[in-house]
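Secondary and tertiary structure notes
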Amino acid sequence: MPLNRRTFLQMSALLTGGLALNLYETPIAAAQSGQPVQPDLSPRAFIHIAADGTITLMAKNPEIGQGVKTMLPMLLAEELDADWSTIHIQQADLDESHYGRQFAGGSMATPLNWDPLRRVGAACRQMLISVAAQRWSVPVSDCTTAPNRVLHATSGRSFTYAELATDAARLTPPPLASVQLKDPRDYRIIGKSQPNVDRLSIVTGKPLYGIDITVPGMLHAVIEKCAVFGGKVKSCNQAAIQKLPGVRHVLVLEGTLATNPVVSSDPGIEPGVAILADTWWQAQSARSKLKIEWDLGTGATQSTDAFAKRAAELFQAPPANTIHTAGDVDAALKSAAKVVEATYAYPFIAHATLEPQNTTASFKDGKLEIWTTSQAPGGGRKMVASALKIPADAITIHLTRTGGAFGRRLMNDYMVEAAWLTKQVGVPVKLLWSREDDFGHDAYRPGGFHSFKAGLDAHGKLIAWRQHLVTYGVGDHYASSAGISADEFPSGHVENFGLYATAMPLRLRTGPLRAPGSNALAFVAQSFLDEVAAAAGRDPLEFQLDLRGNSSNHSDRLSNVLALAAERSSWAKRTHTPGKGMGIACYACHLGFFAEVAAVTVDEKNRITVNHIWVVGDIGSQIINPAAAENMVYGAVIDGLSQMAQEITLDEGRIQQTNYNQHPVLHMRQTPAIEAFFLKSDNPPTGLGEPALPPLLPAVANAVFAATGKRIRTLPLSRSGFSFA
Amino acid sequence: MPPQQLKVNNTIHTIDVAPDTPLLWILRDILDLKGTKYGCGIGSCGACTVLISGRPARACQTRLDEVGTNPVTTIEGLSLDGTHPVQLAWQQVDVAQCGYCQAGQIMAASALLASNPHPTDAQIDAAMSSNICRCGTYPRIRQAIHQAAESAAKK
């Protein structure tokens, strides 16, 4: 039944501003404070032992390519003392009352789950031992386990877990805090490389991803949105589109955006026209016949060139906001023996997940079932409940494997859209954004501009650091991922310090991209520090080590990885040959500490060949899945290199880049040799999705300076006159 | 237009859609072969790589009426149990992160190895550089291609 009328997606204020921010900051603070971050979890939710001996472990978090579907069950299996080779892994649905928080973001899966999931496995093992001890009438202390078995060593008796499981399931699980954990020296699974649990399905093309979901009777949907962010539909040739082959519904979405500048990564839903058809290609083909008159709104005057001009003007004015000061930075700069000044800039960039945004949803009899690629399904459920005015507990969410995320899927806009469409039309709907939709309606990594001044004394010591960030936002409310914190390095390491920010209003959505904030802030500060070291006539490694000193634990961990990166790359033995150079940089974020060295060759046409990258990371005492960790580091390096060449620009409010040919991902032939090393430290294990990325960009930029004497102060490379060969 | 015959993975199907429909969407939404992936829709990413008469082709850029009688092989046609040498190598090397591009990578690699059983790194780079991996698994892809070449040579 076609709905040949104008309908509206209207919802109350979503009150989800800062959802993505909370994902990053709240858990990190909790992890650092050592406070418990989840309630007691039950082994029953995570572990199922069937009578035939099959052990099924639940994978609780969204799998976005970071490897948690393999890694988190490893924690359970280790302490359960299960035989990993026979384990079955099942992706959990969203059920945070049983699984604790289920999200993929902030490199938080390891720090938040390392302790609780091992304890869940250990509690289950303890229950199995209790049953065995009771049957044998021996003390539990006389019993041990081998994979999938409880042993009574003195009598040589044993039970399989399968033989004990039914009785064990009747026991009350012990408090997780009370269970005994293994000595890490006894680990059989943690610290041993375990291949991706979905590898067979991946290489045989099984339907694993959100885009592969099929629900009987479903329609395929696309949504045409305004090229200018937030533009509204004034009129549309709905009746004509309705008659096209396969088209069942054409709906106008009013959207829920306010007309203000945007500071939240979830500012509401954009207006548009939805086409629902029997196949996706029919819906997509019908789109090309749409004639929409748009009310472009206030975004239509924006351009990235104008933002750059405005930033240059703002650098001449006093900063609007003071983020942090120490000493008297202006006086110190006046008295300095040498002052170094530079301006840096980086662009908006897109997430460009290879699997475009999608969700399948089915609304029936007041209940909503969703299959989604979300990184933050719990937040998405709240948004959907609010949008559809249905209770959250009427919504079931299934998590699918996800074709890349990088922060894009922390925003749940596509989930709300699919949910709203199925409720409107009364049949299941699979919404799939086109690649062009994805590039045109991302929550972009925000661009930014930094003006630096550093003062050196007569001995070449850094005595003053002044940094003014011109960014996006309103007053001192910065757009998502566009701010800077008071402790940004070298805060705390320079006697006279001033960190300031000024925000320009932006009518475009921004959001976290892999290592949000850090992916840009590391580039500017670690590159400028290299300039300051050069001005002081110092080796950049020694200059940075001196500056970091030993004033805090963070510095120790970074100094240690810097030293090892220098050793592995033979930094001290590097030669000074024109056209060849090495650069070094480090950064701490998401509880991880990384140093990277780049070796590059630059030809006479400023084409950069990155020859070799050495990465040293400290993410704590254990590398849970070493081969996967190494792969993740390769990915961070390649992603960082890609970022150096990418740019999203706005002209008359319109995003200029529509596909990968205009926003390139690094190609295999451009990929350097990469060596990854982990420096184990006496700290709890932490995550790896993000912290290996930020130092890559300044390491390469500093290497290009060493090769050519030219600084890369503006990204992408093309805006500094460089390119990748 | 009358329905057209389409040979996919050694099975002939009768397809009744507009003749300009891209092969990609016929595979995915008509034949329910979900292994071939949509990434860019302009032939720029390689996620939809299939073999047409044994040669790598972009399914998103190939219309039904262009396929004609040429046989199409998708990832599902390489082997359903993952025992093709390239699929085996991909599992042994543990190439994937998100895995979304890998069907296209595997199809491109299998075409390369069919025409050049012992490619050098440079030849691998040349053959594979139009397939992007957003996760950056290129070092492992290269390693897996070498491993597949070696295991095929031993047979």
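Residues numbered from 1 in each chain as written. Chains lettered and ligands numbered in written order. Predicted model: local features only at pLDDT ≥ 70, side-chain atom pairs only at ≥ 80, totals over all residues. Heavy atoms only, no water.

**Quick notes on the overall build of chain A**
Along its length, chain A carries 19 helices and 28 strands. The C-alpha radius of gyration of chain A comes to 27 Å, within 12% of the 27 Å expected for a compact globule of 725 residues. Principal-axis analysis of the C-alpha atoms places the extent of chain A at approximately 80 × 75 × 45 Å. Counting over 725 residues, chain A shows a buried share of 63%. Residue pairs at least 24 apart in sequence account for 79% of intrachain contacts in chain A once pairs closer than 6 positions are excluded. (Helix = DSSP H or I, 4+ residues; strand = E, 2+ residues; numbered from the N terminus. Rg over C-alpha atoms; globule rule 2.2 N^0.38 Å. Buried < 20%, exposed > 50% of the residue type's maximum accessible area, 1.4 Å probe, protein only. Contact = heavy atoms within 4.5 Å.)

**Observations regarding helix 6 (residues 161-168) of chain A**
Every α-helix carries 3.6 residues per turn, so stepping three or four residues along brings you back to the same face. Buried within helix 6 of chain A we find Y161, A162, L164, A165 and A168 of chain A. The buried residues of helix 6 of chain A occupy an angular sector of 160° when projected down its axis, which confines them to one face. (Arc of directions from axis to C-beta.)

**Thoughts on the environment of P626 of chain A**
Take P626 of chain A: it is sitting in helix 18 (residues 626-645). Along the chain, P626 of chain A and G191 of chain A lie 435 residues apart, while their C-alpha atoms are 6.2 Å from each other.

**Describing the interface of chain A and chain B**
Many structure descriptions define interface size as the accessible area lost when the parts assemble. Between chain A and chain B, the residue contacts involve 56 residues of the former and 52 residues of the latter. Between chain A and chain B, the buried area comes to about 4300 Å², and carbon and sulfur atoms account for 60% of it. Ranking the residues of chain A by area buried against chain B places V203, L354 and M668 of chain A at the top, with a combined share of 20%. At the boundary of chain A with chain B, the tally comes to four salt bridges. (Buried area = accessible area lost by both parts, 1.4 Å probe. Salt bridge = Lys/Arg side-chain N within 4 Å of Asp/Glu carboxyl O.)

**Side note on the confidence of the model for chain A**
Averaged over all residues, the pLDDT of chain A is 94; the fraction at 70 or higher stands at 94%. Low pLDDT, under 50, characterises residues 1-23 of chain A; the predicted model gives this stretch 67 contacts beyond four residues in sequence or across chains. (pLDDT = per-residue confidence, 0-100.)

**Quick word on the sheet that holds strand 4 (residues 143-146) of chain A**
Residues and elements named next belong to chain A. The three strands lie next to each other as 4-5-6, forming an open sheet whose pairing is antiparallel. Only two strands of the sheet have a single partner each, and these edge strands are strand 4 and strand 6 (157-160). The average angle at which neighbouring strand axes cross in this sheet is 25°, direction not considered. Sheet topology note: the strand 5 (residues 149-152)/strand 6 ladder contains four bridges and is antiparallel. Bridging across to strand 6, V150 finds its partner in F159. Contacting strand 4, strand 5 and strand 6, helix 5 (residues 109-136) runs over the sheet at an angle of about 45° to strand 5. With respect to the sheet, helix 6 is in contact with strand 4, strand 5 and strand 6, its orientation differing from that of strand 6 by roughly 70°. (Pairing = 2+ DSSP bridges. Axes fitted to C-alpha atoms, helices over the stretch in contact; angles between N-to-C directions.)

**Observations regarding the sheet that holds strand 7 (residues 219-224) of chain A**
Residues and elements named next belong to chain A. Pairing is mixed in the open sheet, where seven strands are placed in the order 9-10-7-17-14-15-16. Each of the sheet's edge strands pairs with one partner strand only, and the pair in question is strand 9 (247-253) and strand 16 (395-399). Geometrically, the sheet is characterised by an average inter-axis angle of 20° between neighbouring strands, direction not taken into account. Note: strand 14 (residues 358-364) against strand 15 (residues 367-372), six bridges, orientation antiparallel. Along strand 15, the bridge assignment pairs A361 with I370.

**Some remarks on the nonpolar core**
Counting residues in hydrophobic clusters, the biggest one holds 183 residues, and the most contacted among them are L462, I608, M644 and V700 of chain A together with L6 and W90 of chain B. A total of 10 residues in this core trace back to one element, the largest contributor, which is helix 15 (residues 518-535) of chain A. Not counting residues up to four positions away in its chain, the partners in contact with M644 of chain A are L696, L697, V700, A701, L715, P716, L717 and F724 of chain A. If you look at the next biggest cluster of nonpolar residues, it comprises 49 residues, including L57, A82, C124 and F159 of chain A. (Core = buried A, V, L, I, M, F, W, Y, C linked by side-chain atoms within 4.5 Å.)

**Remarks on the packing of helix 4 (residues 85-93) of chain B against helix 5 (residues 102-115) of chain B**
Residue and element names in this part refer to chain B. Packing of helix 4 against helix 5 leaves a shortest axis separation of 9 Å and a crossing angle of 125°. Accordingly, the angle class assigned to the pair helix 4 and helix 5 is oblique. Where helix 4 crosses over helix 5, the two elements pack in a sense that is right-handed. Only Q102, Q105, I106, A109, S110 and L113 of helix 5 make contact with helix 4, whose side of the interface consists of V86, Q87 and W90. Across the contact of helix 4 with helix 5, the residue classes tally to five nonpolar, four polar and no charged. (Parallel < 35°, antiparallel > 145°, perpendicular 65-115°, else oblique. Left-handed = near helix turned anticlockwise from the far one by under 90°. Nonpolar A, V, L, I, M, F, W, Y, C, P; charged D, E, K, R; others polar.)

**What to know about the packing of aromatic side chains**
All names here are of chain A. Counted according to the given criterion, the structure contains 14 aromatic pairs over all chains. An angle of 80° between the planes, with centres 5.0 Å apart, marks the rings of F307 and Y472 as edge-to-face. Taken together, the positions of F307 in helix 10 (residues 304-316) and Y472 in strand 19 (residues 462-474) put the pair 165 residues apart, joining distant regions of the chain. Across the pair, Y472 and F307 agree in class, each one buried. (Phe/Tyr/Trp six-rings, centres within 6.5 Å; stacked < 30°, edge-to-face > 60°.)

**Looking at helix 19 (residues 696-708) of chain A**
Residues and elements named next belong to chain A. For helix 19, built from 13 residues, the straight-helix expectation of 18 Å at 1.5 Å per residue is met to within 8% by its first-to-last C-alpha distance of 18 Å. When you tally the buried positions in helix 19, you get 10 out of 13 residues, the bulk of the element. Here helix 19 has its buried residues at L696, L697, P698, A699, V700, A701, N702, A703, V704 and A707. In this structure, the buried residues of helix 19 make contact with helix 15, strand 22 (580-589), strand 23 (592-602), strand 24 (607-618) and helix 18. Positive phi shows up at G709, right after helix 19, with a value of about 75°. (Expected span 1.5 Å × (residues − 1).)

**Things to note about the environment of A111 of chain B**
All names here are of chain B. On the secondary structure map, A111 appears in helix 5. Classification of A111 as buried rests on a relative accessible area of 8%. Residues A111 and T36, 75 residues apart in the sequence, show an inter-C-alpha distance of 15 Å. Sequence-distant contacts of A111, defined by excluding residues within four places in its chain, comprise L51, G54 and P56.

**Regarding unusual backbone geometry**
Residue and element names in this part refer to chain A. Note that the residue after F489, namely P490, is joined by a cis bond; omega there is 10°. Checked against the element boundaries, P490 lands in the loop between strand 20 (477-478) and strand 21 (496-504). Cis geometry marks the peptide bond from L715 to P716, where omega comes out at 0°. Tracing the backbone shows P716 in the loop between helix 19 and strand 28 (723-724). Phi at A352 is positive, roughly 55°, even though this residue is not glycine. Its location among the elements puts A352 in the loop between strand 13 (338-346) and strand 14. One non-glycine residue, K389, adopts positive backbone phi at about 55°.

**A look at the domain arrangement of chain A**
Residues and elements named next belong to chain A. Structurally, chain A comprises domain 1 (40-203), domain 2 (210-298 + 351-440) and domain 3 (304-349 + 444-724). Computed over C-alpha atoms, the centres of domain 1 and domain 3 are 41 Å apart. Taken together, the contact pairs 20 residues of domain 1 with 16 residues of domain 3. Contact with domain 3 buries area across many residues of domain 1, yet S107, W114 and S193 alone supply 36% of it, more than any other trio. Taken together, domain 1 and domain 3 are joined by six residue pairs in polar contact (both at pLDDT 80 or more). (Domains from an automatic or database assignment. Polar contact = N/O pair within 3.5 Å; in protein donor to acceptor, adjacent residues only side chain to side chain.)

**Some details on the pairing of strand 15 of chain A**
Residue and element names in this part refer to chain A. The turn linking strand 14 back onto strand 15 is made up of two residues, and D365 within it adopts a positive phi angle of 55°. As defined by bridge partners, strand 15 adjoins strand 16 across five bridges and the pair is classed as parallel. What sits directly across from L368, in strand 16, is I395. In this fold, the crossover linking strand 15 to strand 16 by way of helix 12 (residues 377-388) has right-handed handedness. (Right-handed = clockwise from strand over helix to strand, strands pointing away.)

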